[in-house]
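Listed here are the chains, written in short residue letters.
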Amino acid sequence: MPCNHLAARLCDGRRLKTFICKAWKPETVTNISKREGNASGVLRALQYAQLGVSLRVYLERKSMFQGLTFEPFKLPDEAESIRQEVREFLARELDPGTLPNSDFNAGESAEFSRKLGAQGWIGMTWPKEYGGSGKSFLERYVVTEELLAAGAPVGCHWIADRQTGPLMLKFGTEAQKQRFLPKIISGDYFFSIGMSEPDSGSDLASIRTSATKTEGGWLLNGSKIWTSYAHTNHYMVALVRTEPPSENRHAGMSQLVVDLSDKNVTVTGIRNLSGEEDFNQVFFDDVFIPDDMLVGTPGNGWEQVMSELGYERSGPERFLSAFRVIVEFAREIESNPSDEQLVLLGRLASHLITLRRMSISVAGMLGAGKLPLTEAALIKDLGNSYERMVPEIVRLAVSGNSSQRFVDTLNECILHAPSFTLRGGTREVLKGVIARGLGLR
Ligand SMILES: Cc1cc2nc3c(=O)[nH]c(=O)nc-3n(C[C@H](O)[C@H](O)[C@H](O)COP(=O)(O)OP(=O)(O)OC[C@H]3O[C@@H](n4cnc5c(N)ncnc54)[C@H](O)[C@@H]3O)c2cc1C
């Protein structure tokens, strides 16, 4: 069969299935080789069969494919009008004397968070009865990307806004929602994530910190590590064992709200590569947690934590951490760019635009009540690889006589970049999640 005929048949969707069913059968190979009766006939028959088998494998995989979708979402007009408001707010609030940093973990200001809360830009999507603004996820998307792009100090409220609030809305009791959500929105309560432990990071199911039942509550013992801002935040949502480990590794865990000012909680700073201490080890020594501080159902912690990951992994903070380096690079080459520098800028921008569209798509799906965990993992993996690569490539594309502002921005980013691909799940682990989502493992 001439190649162009074969191609035409393959492109014809209605005939494709018949072709594959026919092609993969062993008798097809025998029939063709008999009919043509020579070596080239045998060869052709084998090629035919091989093609059929490949297509069959492809289609079988396709049927195992468990829904990797990036539905196109357009930012609505309301979202674009909020963008202008946020820009005006930031122009007023940000000190032009400080070096902006688009890493969400790089700067924190309780005062800035409170002002943001007063604007209605924390807990934007949450119901009005808890003080939220009832806005869409796409409107929230615009606010978060504007804050990051401008390098605003968002570290204090980021986790509570992104993760704790949605967790409480989904699993919390009415009393917990009433108590915590309005205070998160006003920028008065900041939360930490208590997942990782000294011997449990990627393999989160192996955690050992445990809470045992006691009169009116739980007694918490053990330790969490790498806990961002535990030294300044008010609470931690900790994933702990409330039942001993069993054959089902994911059973018997629960989420507890821990008051970080409790006298039996010790927070010890850990110095990072750049010499700062923004994450910690947190020790629990018989910390009493009242019954009403358990979030959701006892033993259901694993499922609850997994549902947080769609929020944790898909936002613009997963690809904008190095954005200020791109801005300063553009400023640096503005007056006399070389062709190579322009090509690089174009490539960085085109990757960014793609990641942004994927992230907007996930924001739209979250808003529609879906939980696109595989898509979120893909955004984080691609986005983190991108933001880690940016300072490395830009560093090689400039001359030695760069401005101090550019050098400071680049240096700061280089020192933090190794953490981009660790925090929130490493690249290797994300690839495993993506493979599972694609039905490949
Ligand atoms: C800046 C920063 C802030 C953080 N903030 C917080 C926080 O607030 N709260 C919190 O709970 N945690 C936090 N973390 C911890 C973070 O989630 C963990 O570092 C991460 O999950 C990896 O765990 P680990 O460090 O124990 O590495 P490990 O799990 O020990 O992994 C070590 C290496 O082995 C690889 N590896 C592990 N398992 C596999 C596998 N199955 N297949 C292939 N490769 C594998 C990993 O990819 C990695 O390269 C933070 C981390 C950083 C860097």
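Residues numbered from 1 in each chain as written. Predicted model: local features only at pLDDT ≥ 70, side-chain atom pairs only at ≥ 80, totals over all residues.

Regarding the overall build of the protein
Part 1 of the argument: Tallying secondary structure elements over the protein gives 15 helices and eight strands in all.
Part 2 of the argument: Within the protein, the proportion of its 441 residues that are buried is 39%.
Part 3 of the argument: Taking the intrachain contacts of the protein between residues at least 6 apart in sequence as the baseline, contacts between residues at least 24 apart amount to 74%. (Helix = DSSP H or I, 4+ residues; strand = E, 2+ residues; numbered from the N terminus. Buried ≥ 20, exposed ≤ 12 C-beta atoms within 10 Å, placed from the backbone. Contact = placed C-beta atoms within 7 Å.)

Notes on the nonpolar core
Part 1 of the argument: Core analysis: the biggest nonpolar cluster contains 89 residues, and L220, M236, V237, V240, L256, V258 and V325 have the highest contact counts within it.
Part 2 of the argument: Of the residues forming this core, the biggest block, eight residues, is contributed by helix 13 (residues 373-396).
Part 3 of the argument: No fewer than three residues from each of domain 2 (193-303) and domain 3 (304-437) sit in this core.
Part 4 of the argument: With residues near it in sequence (within four places) discarded, L220 still touches A211, V240, L256, V258, F284, V287 and I289. (Core = buried A, V, L, I, M, F, W, Y, C linked by C-beta atoms within 7 Å. Domains from an automatic or database assignment.)

Examining helix 8 (residues 158-171)
Part 1 of the argument: Taking 1.5 Å per residue, 14 residues should reach 20 Å; helix 8 reaches 20 Å between its end C-alpha atoms and fits that length.
Part 2 of the argument: At T164, helix 8 shows its largest bend, some 35 degrees, and a proline, P166, comes one to four positions later.
Part 3 of the argument: Among the residues of helix 8, those classed as buried are W158, I159, A160, D161, R162, T164, G165, L167 and M168.
Part 4 of the argument: Residues of helix 8 that are buried sit in contact with helix 9 (174-185), strand 1 (191-194), strand 4 (235-241), strand 8 (294-295) and helix 10 (301-313). (Expected span 1.5 Å × (residues − 1). Bend = angle between axes of the 7 residues up to and from the residue.)

Structural notes on unusual backbone geometry
Part 1 of the argument: You will see that W226, though not glycine, has its phi angle at about 60 degrees, which is positive.
Part 2 of the argument: Assignment of secondary structure puts W226 in strand 3 (residues 217-228).
Part 3 of the argument: Positive phi, close to 55 degrees, is recorded for D286, a residue that is not glycine.
Part 4 of the argument: Looking at the secondary structure, you find D286 in strand 7 (residues 279-290).
Part 5 of the argument: According to the C-beta neighbour criterion, D286 is exposed, with 10 such atoms within 10 Å.

Digging into helix 15 (residues 427-437)
Given 3.6 residues to a turn, an α-helix orients residues that are three or four positions apart in the same direction.
Part 1 of the argument: Buried within helix 15 are the following residues: L430, V433, I434 and G437. For helix 15, the angular spread of buried residues about the axis comes to 95 degrees, placing them on one side.
Part 2 of the argument: Along its buried surface, helix 15 packs onto helix 13.
Part 3 of the argument: G439 sits one or two positions beyond helix 15 and adopts a positive phi of about 75 degrees. (Arc of directions from axis to C-beta.)

Thoughts on the site of the ligand
Part 1 of the argument: Neighbouring residues of the ligand: 21 residues in total, closest M195, G201, S202, T426 and E428.
Part 2 of the argument: Of all elements in the fold, only strand 1, strand 3 and helix 15 reach the threshold of two or more residues within the shell around the ligand.
Part 3 of the argument: Of the residues assigned to the shell around the ligand, the class counts are six nonpolar, 13 polar and two charged.
Part 4 of the argument: No fewer than three residues from each of domain 2 (193-303) and domain 3 (304-437) sit in the shell around the ligand. (Near = placed C-beta within 6 Å. Nonpolar A, V, L, I, M, F, W, Y, C, P; charged D, E, K, R; others polar.)

Focus on the pairing of strand 5 (residues 253-259)
Part 1 of the argument: With six of seven residues buried, strand 5 lies mostly within the body of the structure.
Part 2 of the argument: Note that strand 5 and strand 8 share two bridges and pair antiparallel. Note on strand 8: the bridge partner recorded for Q255 is V295. (Pairing = 2+ DSSP bridges.)

Comments concerning the confidence of the model for the protein
Part 1 of the argument: For the protein, per-residue confidence averages 87 on the pLDDT scale, and 85% of positions sit at 70 or higher.
Part 2 of the argument: Across residues 1-53 the pLDDT falls below 50, and counting only partners more than four positions away or on other chains, this stretch makes 33 contacts in the model. (pLDDT = per-residue confidence, 0-100.)

Re the packing of helix 13 against helix 15
Part 1 of the argument: At a minimum axis distance of 9 Å, the contact between helix 13 and helix 15 shows a crossing angle of 145 degrees. In terms of crossing hand, the pair formed by helix 13 and helix 15 is left-handed. Contact with helix 13, carried on its side by L373, T374, A377, L378, K380, D381, N384 and S385, involves R427, L430, K431, V433, I434 and G437 of helix 15 and no other residues of that element.
Part 2 of the argument: Each residue belonging to the contact of helix 13 with helix 15 can be placed in one class, and the counts come to six nonpolar, four polar and four charged. (Axes fitted to C-alpha atoms, helices over the stretch in contact; angles between N-to-C directions. Left-handed = near helix turned anticlockwise from the far one by under 90°.)

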